[in-house]
Amino acid sequence: LAACSKEPKKPEEKQPELTIDEMQAKIDEQFDKLYGVLEEHEDPWNRLFEQSDDTVNETYDESIISTYLKTLLEKHKELLSDEEHKALTEDIEKILVIEKELYELEETYAKMLEESGVNQENPTPETFPAFQGKDLDGNEVDSAALFAGNKVTVVNFWFNGCKPCVEELDDLNALNEKVKAQGGEVVGINTETLDGNQQGIDAAKKLLAATGASYRNIYFASGSDAGKFALNIMAFPTTYVFDRDGNVVGQPLLGGIDKEENLAALQKNIDAALAKDNAK
């Protein structure tokens, strides 16, 4: 009789689906939480960051940041008091929880971008749109000077939550060293850093450092023609090759260059751009 007297269970209300912008805002909130944890013990963490030699695990998953911090902590624990070591260990446990939630959000974000489809009314331009931007350290970057100063410029589009993007960062760094010797450059454009988004910049710099990648990454205004070009890319990573005039050379590469066949395809475009420049 008691069971029968219970009120019928109300159906769960369906939560409204988030927009892409709202999902990005939730990701930014998680980054704020993550960096807030680090700020609680800023001095000892900075002491460790000064000793960083970019050592981290080789795979990208929901614990890459916490794994990096744990490696750094254990490698240089002699710089800390017992109390500081305990505090930073607790920080890592908090960050791991935040990071797992962040990873799930970014995977959902990636799917949302993919499912939104490519805007066919804005096809890829034949040349990279002009822009005034900055690198991740705040140095000014002008598109005309960028392309004019290189025989070939390899531009890689990526974002922080993209697993294949992160997995190829060290390969892109190696490619940059090779291309530099030929008078060119590899440049990264992380779509989460557009408009100088500090959370995106901080996360990108940590991922680059963790994988030993030191090639230049830049950003510009999302509302500019260059920003629209970047945001119109829906498959990540995507890598373009441009000549000295900023013209696209060959077809863009979809997928990471950590795969041999992809690297070979990209190299053909690089060779074509170099041959074109040397023929002038």
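Not measured: the values here are computed from a predicted model.

Undergrad: Teacher, can you tell me more about the overall build of the chain here?
TA: A count of helices and strands for the chain gives 10 helices and 7 strands. In the chain, buried positions account for 44% of the 280 residues. Sequence separation of 24 or more characterises 76% of the internal contacts of the chain that already satisfy a separation of 6 or more.

Undergrad: Explanation requested: helix α1 (residues 20-40) in the structure shown.
TA: Because an α-helix completes one turn every 3.6 residues, residues spaced three or four positions apart along the sequence face the same direction. Helix length check: α1 (21 residues) gives 31 Å between terminal C-alpha atoms against 30 Å at 1.5 Å per residue, within 8%. Along α1, the residues classified as buried are M23, Q24, I27, D28, Q30, F31, L34, Y35, V37 and L38.

Undergrad: Before we go on, may I ask you to explain the pairing of strand β3 (residues 153-158) in this structure?
TA: The side chains of a regular strand alternate between the sheet's two faces. By the criterion of burial, β3 is predominantly enclosed, with 6 of the 6 residues buried. Judged by which residues are buried, β3 turns out to be covered on both faces: T153, V155 and F157 on one side and V154, N156 and W158 on the other are all buried. By the bridge criterion, 6 bridges tie β3 to strand β4 (residues 185-190) in an arrangement that is parallel. Within β4, the position partnered with V155 by the bridge is V187. Two strands pair when backbone bridges link them, and β3 and strand β6 (residues 238-242) are joined in this way by 5 bridges, in the antiparallel orientation. Within β6, the residue paired with F157 across the bridge is T238.

Undergrad: Help me understand the packing of helix α7 (residues 169-180) against helix α10 (residues 260-278) in this model?
TA: A pair of packed helices can be characterised by two numbers: the angle between their axes and the separation between those axes. Where α7 meets α10, the axes come as close as 13 Å, and the angle between the chain directions of the two elements is 25°. Considering the angle they form, α7 stands roughly parallel to α10. Between α7 and α10 lies a crossing whose hand is right-handed. Contacts from L175, K178 and V179 of α7 reach α10 at L266, Q267 and I270. Residue classes in the contact of α7 with α10 are distributed as 4 nonpolar, 1 polar and 1 charged.

Undergrad: What am I meant to see in the nonpolar core here?
TA: For soluble globular proteins, nonpolar side chains are generally found buried alongside one another. Counting 72 residues, the largest nonpolar core has F128, F157, F220 and I270 as the members making the most contacts within it. Here the element with the most residues in this core is helix α4 (residues 82-116); it accounts for 8 residues. With residues up to four places along the chain from it excluded, the contact list for F220 reads F128, F131, Q132, G133, I189, L194, D195, A226, G227 and A230.

Undergrad: Which parts of the structure should I look at to understand helix α2 (residues 42-49)?
TA: Among the residues of α2, those classed as buried are P44, W45 and L48. Viewed along the axis of α2, the buried residues span an arc of 100°, placing them on a single side of the element.

Undergrad: What is the right way to look at the sheet that holds β3 in this model?
TA: Neighbouring strands of a sheet are bound in pairs by backbone hydrogen bonds; such pairs are parallel or else antiparallel. Here we have 7 strands laid out as an open sheet, ordered β2-β1-β5-β4-β3-β6-β7, and mixed in their pairing. Two strands in the sheet have a free side with no partner beyond their single neighbour: β2 (140-142) and β7 (253-254). Contacts from helix α8 (residues 198-210) reach β3, β4 and β5 (217-219) within the one sheet, and its direction differs from that of β3 by about 115°.

Undergrad: What should I look at first to understand the side chain of N269 in this one?
TA: If you trace the backbone, N269 turns up in helix α10. Look at N269 and you get buried, because its relative accessible area is 13%. In contact with N269, not counting residues within four places along its chain, are V241, V249, G250 and Q251.

Undergrad: Explain a negative patch on the surface here, please?
TA: Residues E29, D32, E39, E42 and D43 make up a contiguous surface patch of negative charge. Residue contributions to the negative patch peak at 3 residues, all from α1. Structurally, D32 can be placed in helix α1.

Undergrad: Sorry, what's going on with the pattern of salt bridges here?
TA: Between side chains of opposite charge, a pair can form as their charged atoms come close. Per the counting criterion, the structure on display carries 8 salt bridges. Here K180 and E177 are joined by a salt bridge, their closest N and O atoms 3.9 Å apart. Here K180 and its partner E177 are both found in helix α7, 3 residues apart, which amounts to about one turn of the helix. A residue is classified by how much of its surface remains accessible, and E177, at 41% relative accessible area, is partly exposed. With a closest N to O distance of 2.9 Å, R216 and E185 form a salt bridge. Of this pair, R216 sits in the loop between α8 and β5 while E185 sits in strand β4, and the two are 31 residues apart along the sequence. Residue classification places E185 among the buried positions, given a relative accessible area of 12%.

Rules behind the numbers
- Residues numbered from 1 in each chain as written.
- Predicted model: local features only at pLDDT ≥ 70, side-chain atom pairs only at ≥ 80, totals over all residues.
- Heavy atoms only, no water.
- Helix = DSSP H or I, 4+ residues; strand = E, 2+ residues; numbered from the N terminus.
- Buried < 20%, exposed > 50% of the residue type's maximum accessible area, 1.4 Å probe, protein only.
- Contact = heavy atoms within 4.5 Å.
- Expected span 1.5 Å × (residues − 1).
- Pairing = 2+ DSSP bridges.
- Axes fitted to C-alpha atoms, helices over the stretch in contact; angles between N-to-C directions.
- Parallel < 35°, antiparallel > 145°, perpendicular 65-115°, else oblique.
- Left-handed = near helix turned anticlockwise from the far one by under 90°.
- Nonpolar A, V, L, I, M, F, W, Y, C, P; charged D, E, K, R; others polar.
- Core = buried A, V, L, I, M, F, W, Y, C linked by side-chain atoms within 4.5 Å.
- Arc of directions from axis to C-beta.
- Patch = residues over 30% accessible without salt bridge, like charges linked within 9 Å, V, L, I, M, F, W, Y side chains within 5 Å.
- Areas by Shrake-Rupley, 256 points an atom, 1.4 Å probe, with all protein chains shown as cover.
- Salt bridge = Lys/Arg side-chain N within 4 Å of Asp/Glu carboxyl O.
- Lys, Arg positive; Asp, Glu negative; His and termini not counted.
- Charge placed at Lys NZ, Arg CZ, Asp CG, Glu CD.

The values are spatial; any link to function lies outside them.
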